[in-house]
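Secondary and tertiary structure notes
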Amino acid sequence: MSKARRVSPTRGTGASTPAGKSPLVDLLQTAADIVAALPDAVVVTGTDRRVLAANQAGADMLGWQVGDIVGQAIADSVSPNERAHVATREDRVLGGETQRYETRIVNHRTGEERDVAVSSGPFRMQGEIIGTVATLRDVTEPKRAQETLARSEARYRHLVESASDAIVTLDANGRFTTVNHAAENISGYKREELVGQWFAPMLPDDDLPKALGHFQQALAGETGLFESQFYRKDGEVRTISITYSTPQKDEEVLCLIRDVTDQKMLQEQLIQSEKMSAIGQLVSGVAHELNNPLAGISAFAQLLLAEKRFPPDQRTAAETIYSEARRASRIVQNLLTFARQHKAEKVPTTINQVLDDTLELRGYELRVRGIDVRREYDDSLADTMADAHQLQQVFLNLITNAEQAMEQRDGHHHRLTVRTRRNGEAVRIEVEDTGGGIPANLIERIFNPFFTTKPTGSGTGLGLSISLGIVREHEGRIWAENVASSGARFIVELPIIQPRASGEMPATTPVQAASGNDSLRVLVVDDEASVRVSLQRYLAGRGHHVETTASGEDALVRLRDAKYDAVIVDMRMPDLSGEQLYERLRSGDPGHAERVIFTTGDLVNEQMKRFLDGTGRPCVPKPFEFASFDQALPAARRR
């Protein structure tokens, strides 16, 4: 310590040199020079904790001149919050222990605080400890950099851990090296279970070659994206989207993994919805074409049954033809009702009838699967305000699920039981099957969106959740339970809401039946020959004068030339539709417009229903009962 010599380890010492030899190097002076040249601060303090000596770096660090630092209390150069800590450490040094620690010092000149790493040991003179000698290294910048790095690492660690997508890294052998919290959630494995595990056993055999190919591409430095299925720890199969890159070529692969199972199911549901919409349009287009021949079959069967001399054995055949025609018509109408998108509308609804219509839709499937259907209805149930179309969707979901549950249980005579009964102020509907039942650990989850126990591709997991929404919209509730013997039972309870008037015009105007003596002049306008002929025969048999035509344009000509008591008009015809014909009459011949009776095979069409309601004219749906015309004709008779 070149200038601070108050306590000098070389004072009073002289190196004696044997005669005839070169003088020895003054080792103590050399040591002092070395200390003076050190970049680290060196400070010597006495037992009174005051500075005995310091090198230039030490004086600069503490903010003093070398000549002024001697005698200064070392505690004054320590941050107030650190003084007790430093005093404890220095007590241990004076006790003979070496101490290494970090603290904060204050520059006397600038007041700036700095972080220092201290290495302090005893300072001895002739074997006696007379103070301490400490080396101080300024670690402010490295410590700040370390803290900044730690904060940055913590921030990115938090971002990685809080990400909803799984973020993992794999080594060159395909083993997990790091995983985030989302990876645990998606896979079902704990972090310690994943780290070190090879990814291949988690993938189905069909997807493994593709995944290995992308992994090799990633190791080669490429980035990419692909989809694969994988097995969760609990065995559930999920679909994942994997985006990969290579932080270290040939050494590490980084993967961002997103569970897209629900998204794929939603896409499938949207596709299914589009299919149903397309089916609705298709059925709407063919319903009229189907109902026209069905109307002819039904009408001629009725004509045959009206023959008094018809042989009994042939009467049975005619009754079968008539019954099957009506059944086919109901199937067409049910398909049309279910497939077409329908605006929610609560009207007086007979629950038993909705169930029958739904069972009719699934009748063929139930029969070919050998499932016995039991209807245990309460026939005294009152109508309630509900949307029959939406309820049909609920019941169809429940019945279809029951079919599939029973199909999976082989070697058993299956039975589907549908019950209705009144439960206080509610209607209780039960759909019970003889399948394998619902696992106890899943019964609370079956109404969750996208949850399904069916194999991948066999279901979207949305049927029951949609049913739950519909039932809740009707202020009801739905739940499931296992049957004691076997199978499952789904229960729907709907409040009984008294029907109220809708304010809409009824489709068929109620009138008194015509007397047998009334003879009317009737024009039948329909492009279906069987409908024209059957109506002509029936009405003529009732004493009416009937003319027929297959053309709307020809009908306008006839209506200009003659007066008719009633005009029976089909809504769909090739040259002029029933709506167009009616509008032409209303503007040019209002008298005949007031005598129109419409027929149609598609009363479910919302646009057609609005038109018919707006006219207030009677409408007889196809296939028709002849008695419907007996009621409608007096309303159209010319006054």
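The text that follows walks through the structure, step by step, so that each part is easy to find. (Residues numbered from 1 in each chain as written. Predicted model: local features only at pLDDT ≥ 70, side-chain atom pairs only at ≥ 80, totals over all residues. Heavy atoms only, no water.)

This part covers the sheet that holds strand E2 (residues 51-54). The strand order E2-E1-E5-E4-E3 describes an open sheet built from five strands, whose pairing is antiparallel. Edge strands, defined here as strands with exactly one partner in the open sheet, are E2 and strand E3 (99-106). If you compare each strand with its neighbour and ignore which way they point, the axes differ by 30° on average. Judged from the three bridges that link them, strand E1 (residues 41-46) and E2 form a sheet pairing that is antiparallel. If you follow Val-44 over to E2, its bridge partner there is Ala-53. Sitting on the sheet, helix H4 (residues 83-94) touches E1, E3, strand E4 (113-125) and strand E5 (128-138), and the angle it makes with E3 is about 140°. Sitting on the sheet, helix H5 (residues 140-162) touches E3, E4 and E5, and the angle it makes with E4 is about 130°. (Pairing = 2+ DSSP bridges. Helix = DSSP H or I, 4+ residues; strand = E, 2+ residues; numbered from the N terminus. Axes fitted to C-alpha atoms, helices over the stretch in contact; angles between N-to-C directions. Contact = heavy atoms within 4.5 Å.)

A few words now on the pairing of E5. In this sheet, E5 lies alongside E1 in antiparallel orientation, the contact comprising six bridges. Each residue of the ladder has a partner; that of Val-42, found in E5, is Thr-135.

Turning next to unusual backbone geometry. Lys-622 connects to Pro-623 through a cis peptide bond whose omega is -15°. Mapped onto the elements of the fold, Pro-623 is located in the loop between strand E22 (619-621) and helix H20 (626-636). Phi is positive for Gln-126, close to 55°, though the residue is something other than glycine. Within the secondary structure layout, Gln-126 lies in the loop between E4 and E5. Even without being a glycine, Glu-475 presents a positive backbone phi close to 60°.

Before going further, it helps to spend a moment on the sheet that holds strand E14 (residues 415-423). With respect to topology, five strands assemble into an open sheet ordered E12-E14-E15-E17-E16, the strand pairing being mixed. What marks the edges here is a single partner per strand, and that holds for strand E12 (372-376) and strand E16 (477-482). Each strand axis lies, on average, 15° off the axis of its neighbour in the sheet, ignoring direction. Where strand E15 (residues 426-432) and strand E17 (residues 488-495) come together, seven bridges link them in antiparallel fashion. Bridge pairing in E17 links Glu-430 to Ile-491.

A word on helix H8 (residues 208-219). Compared with the 16 Å implied by 1.5 Å per residue over 12 residues, the 17 Å span of H8 between its first and last C-alpha is a close match. Buried within H8 we find Leu-208, Ala-211, His-214, Phe-215, Ala-218 and Leu-219. Buried residues along H8 cover an arc of 140° about the axis, so they all sit on one side. Among the exposed residues of H8, those oriented more than 90 degrees off its buried face are Pro-209 and Gln-216. Taken together, the buried residues of H8 touch strand E6 (166-171), strand E8 (224-231), strand E9 (237-248) and strand E10 (252-259). At the C-terminal side of H8, Gly-221 shows a positive phi close to 100°. (Expected span 1.5 Å × (residues − 1). Buried < 20%, exposed > 50% of the residue type's maximum accessible area, 1.4 Å probe, protein only. Arc of directions from axis to C-beta.)

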